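Structural features, examined
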Amino acid sequence: MTAAWNAPPPLAELVRAARKYRRLIVCLPDLRFPEFAASAAPCETERRFLALWPQHSACVQFAAPNILRGLLPDCELWLMPPVCAARLHEHFSETSSPHVLGGDGLHWQTEPVPQTAAAPYKPWYRPSEKPVLPPEHVAVVGAGIAGAATAYALASRGVRVTVLEAGRAAQAASGNRQGLLYAKISAHDTEQTELLLGGYGHSRRLLDELLPERENWQPSGLLHLNHNPAETRRNAALATQKHHAHLYRGVSAKEAGAIAGIDMFSDGLYWPQGAWLHPPALVRALLSHPNITLREHTPLLSAQWSGGAWRLQTPAHTLSAQHIVYCTGAQSPHIPALAALPWQLIRGQTDLSAATPYSGRLKTALSAAAYISPAWQGRHCYGASFIPHDAGSDWREADAEHNRRELERLHPQLAADLSAAPAAAGHAAVRCDSPDHLPVVGRLADYAAMKQVYAKLAHDKNYPLDAPCPWLPNARVNAAHGSRGLATAPWCAEQTAAEILGLPQPFSRRLREALHPNRHIVRALVRQHEAG
């Protein structure tokens, strides 16, 4: 059951509602940060809420839902910015199911927020109208950040999950020694901005939840420097968005130096909640859930739908699962169910250098065309190279030289200091991206059949079509996160789990369609029309 308010209510009212409802929705009427205060005689739940509120709310943003867990016992708090508050049906009623809690609609505690009308769906994006039955078992293919987060999102909701990994977990693109968590966004309300801000907050809260000891990550903040005119204009536009001043703000070179602990030669944008982390530690924490079974060195050889389940063949086992989710990264072009989609492979390499007394003063991560993290266990991680259409994962001296040159552009004094320090080979891997640089997330279709069903789009892109999409049964994908996976993959995992389980969806309709794998097939058909 779900309760909703058209503005933040008194905290005591939220606490009372949490005893009855599984989910609380607070619609924010404007772009102001919500505030909660204790009642005259606060109960223990109120005191706990207020103690946790600063940490849980630090990355509240106004582009997407903010889903806060752990503030109230066994209850989710959804803070909905104005852009979402008028379209609650995109997140809730479209996923209503009699088989899950909260599937019986919203219970308004105030006057309802007026809702916009829902436009009809194109058939290749239309949600299923069948009742959602929670699966007993889901198979996730791939144990990088996307696969681990997808498994965790399902397992934490009571689903048994088996993760099949051809090699070792967090070995490929998720195996970097130090990655950065922040959101390189546009100043405009784009789908990517919505995705990155929503994902940034979710991942940041996930780190606090799963790795509270902070041994393998640090909320060091991040400085994104103005390294060219385009970045200067973008950062200046973002700095004017005062409603997000708690997330990012413009800083002068002098202020940047005070934040970083070393002199800076550029102004830029500061993300105070930004973090560096050791991605394999997050992957291991996600996969440690008791409902997850990880099978490493277990490639998937085939997947066949039979008798209402997927029959999955590996070299040593045959498994059965009601749902399958492909989180296969750079291996996606080789998966039969995914091969028709336009994947882009991009080689990337980071390198390592021993810290020096000077470099050890660096207190925050620096980012521009390249990045460097504060020292961890006596070493800095820096890079990264970007080589499209290269599937090599071997460490290369040419890439290391490129990374040294980019570090010199980022901070000449730091680069000169580290040039005399012992260096070590870093990590090279292949990232998976898509042509529009958005992830590929959603339900999979039989793409050969889909091209036939919607073939008329190749002759008339506006041809009225309503034929049902030839979906693959219970098959999904969460991939193509490029270099943004720390921010995007766990958030996309939440959406994937919500769709499988018939729960309220974190993504707006426009974001679901922008990330849907079917977009690529439809665009390819339309391009045939335009080329003709």
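Conventions we followed
- Residues numbered from 1 in each chain as written.
- Predicted model: local features only at pLDDT ≥ 70, side-chain atom pairs only at ≥ 80, totals over all residues.
- Heavy atoms only, no water.
- Helix = DSSP H or I, 4+ residues; strand = E, 2+ residues; numbered from the N terminus.
- Rg over C-alpha atoms; globule rule 2.2 N^0.38 Å.
- Buried < 20%, exposed > 50% of the residue type's maximum accessible area, 1.4 Å probe, protein only.
- Lys, Arg positive; Asp, Glu negative; His and termini not counted.
- Charge placed at Lys NZ, Arg CZ, Asp CG, Glu CD.
- Pairing = 2+ DSSP bridges.
- Axes fitted to C-alpha atoms, helices over the stretch in contact; angles between N-to-C directions.
- Contact = heavy atoms within 4.5 Å.
- Phe/Tyr/Trp six-rings, centres within 6.5 Å; stacked < 30°, edge-to-face > 60°.
- Domains from an automatic or database assignment.
- Salt bridge = Lys/Arg side-chain N within 4 Å of Asp/Glu carboxyl O.
- Nonpolar A, V, L, I, M, F, W, Y, C, P; charged D, E, K, R; others polar.
- Parallel < 35°, antiparallel > 145°, perpendicular 65-115°, else oblique.
- Core = buried A, V, L, I, M, F, W, Y, C linked by side-chain atoms within 4.5 Å.
- Right-handed = clockwise from strand over helix to strand, strands pointing away.

Quick look at the overall build of the protein now. Within the protein, the secondary structure is distributed over 14 helices and 26 strands. For 532 residues, the compact-globule formula gives about 24 Å, and the C-alpha radius of gyration of the protein, at 23 Å, lands near that figure. Split into buried and exposed, the 532 residues of the protein put 55% on the buried side. Charged side chains of the protein number 50 positive and 44 negative; the gap between the two group centres comes to 1 Å.

This next bit is on the sheet that holds strand E3 (residues 66-72). Taken in spatial order, the five strands make up an open sheet running E3-E4-E2-E1-E5, and their pairing is mixed. Edge positions in the open sheet fall to E3 and strand E5 (106-108), since each of these has one partner strand only. Each strand axis lies, on average, 25° off the axis of its neighbour in the sheet, ignoring direction. Judged from the four bridges that link them, strand E1 (residues 2-5) and strand E2 (residues 23-27) form a sheet pairing that is parallel. If you follow Ala3 over to E2, its bridge partner there is Leu24. Across the sheet, helix H1 (residues 11-18) lies against E1, E2, E3 and strand E4 (75-80), angled at about 150° from E2, the strand it touches most. Contacting E3 and E4, helix H2 (residues 44-57) crosses the sheet at an angle of about 140° to E3.

So, about the packing of aromatic side chains. Here the structure, examined in full by the defined rule, presents 13 aromatic pairs. Seen in terms of ring centroids, Trp124 and Tyr125 are 6.5 Å apart; in terms of plane orientation they differ by 70°. Their pairing is edge-to-face. Take Trp124: its relative accessible area is 7%, and that puts it in the buried class. Taking the centre distance of 5.5 Å and the plane angle of 70° together, the rings of Trp305 and Trp310 count as edge-to-face. Overall, Trp310 belongs to the buried group, its relative accessible area being 7%.

Per the domain assignment, the segments of the protein are domain 1 (2-118) and domain 2 (137-172 + 281-319 + 439-531). Between domain 1 and domain 2, the residue contacts involve 13 residues of the former and 13 residues of the latter. For the interface between domain 1 and domain 2, the tally reads one salt bridge. Of the charged contacts, one joins Arg69 and Glu494 as a salt bridge, the two residues approaching to 2.8 Å between their closest N and O atoms. Every element with two or more residues in the side of domain 1 that touches domain 2 is listed here: E3 and E4. When the residues that make up the side of domain 1 that touches domain 2 are grouped by side-chain class, the tally is five nonpolar, three polar and five charged.

The residue Arg19 is located in the loop between H1 and E2 in this model. Placed 55 residues apart in sequence, Arg19 and Asp74 show a C-alpha to C-alpha distance of 8.7 Å.

Turning to the pattern of salt bridges, a few remarks are in order. Going through the model one piece at a time under the given rule, you end up with 28 salt bridges. Between Arg69 and Glu76 there is a salt bridge, with the nearest N and O atoms lying 2.9 Å from each other. In this structure Glu76 comes out as buried when scored by relative accessible area, which is 14%. One salt bridge connects Arg510 with Glu194, and the closest N-O pair in it is separated by 2.9 Å.

Describing two packed helices takes the angle between their axes plus the distance from one axis to the other. Relative to each other, helix H9 (residues 397-410) and helix H10 (residues 412-419) sit at 135°, their axes nearing to 5 Å. Considering the angle they form, H9 stands oblique to H10. Facing H9, whose interface residues are Leu407, Glu408 and Leu410, H10 presents Pro412, Ala415 and Leu418. Broken down by class, the residue content of the contact of H9 with H10 amounts to five nonpolar, no polar and one charged.

Our focus in this paragraph is unusual backbone geometry. Outside of glycine, negative phi angles account for most residues, and trans bonds account for most peptide bonds. Cis geometry is adopted by the peptide bond preceding Ala384, which originates at Gly383 and carries an omega value of 5°. Mapping Ala384 onto the fold places it in the loop between strand E22 (379-383) and strand E23 (387-388). Its identity as a non-glycine residue notwithstanding, His297 has a phi of 55°, on the positive side. Note that His297 resides in the loop between strand E14 (292-295) and strand E15 (302-306). Look at His297 and you get exposed, because its relative accessible area is 56%.

So, about the nonpolar core. Formed by 64 residues in total, the largest nonpolar core has its most connected members in Val161, Trp271 and Leu286. Not counting chain neighbours up to four residues away, the residues in contact with Trp271 comprise Tyr182, Ala183, Ile185, Leu197, Tyr200, Gly221, Leu222, Leu247 and Tyr248. Core analysis: the second largest hydrophobic core is formed by 39 residues, Val141, Leu164, Cys469 and Val526 among them.

With that settled, consider the sheet that holds strand E16 (residues 309-313). Spatially, the three strands line up as an open sheet ordered E15-E16-E17, and their pairing is antiparallel. Bordering the open sheet on either side are E15 and strand E17 (318-321), each of which pairs with just one other strand. For this sheet, the mean angle separating the axes of adjacent strands, direction not counted, is 25°.

Looking now at the pairing of E3. Counting buried positions along E3 yields five of seven residues, so the element is predominantly enclosed. Once E3 ends, the chain turns through two residues before running back antiparallel as E4, passing Asp74 with a positive phi of about 55°.

It is worth spelling out helix H4 (residues 145-155) at this point. Along H4, 11 of the 11 residues are buried, which leaves the element largely enclosed by surrounding structure. For H4, the full list of buried residues reads Ile145, Ala146, Gly147, Ala148, Ala149, Thr150, Ala151, Tyr152, Ala153, Leu154 and Ala155.

Let us now look at the pairing of strand E7 (residues 160-164). For E7, the buried fraction is high: four of the five residues fall into the buried class. Direction of pairing for strand E6 (residues 137-141) relative to E7: parallel, over a ladder of five bridges. Of the residues in E7, the one forming a bridge with Ala139 is Thr162. In this region the chain leaves E6, passes through H4 and returns to the parallel neighbour E7; the handedness of that crossover is right-handed. Across four bridges, the pairing between E7 and E14 is parallel. If you follow Val163 over to E14, its bridge partner there is Leu294.

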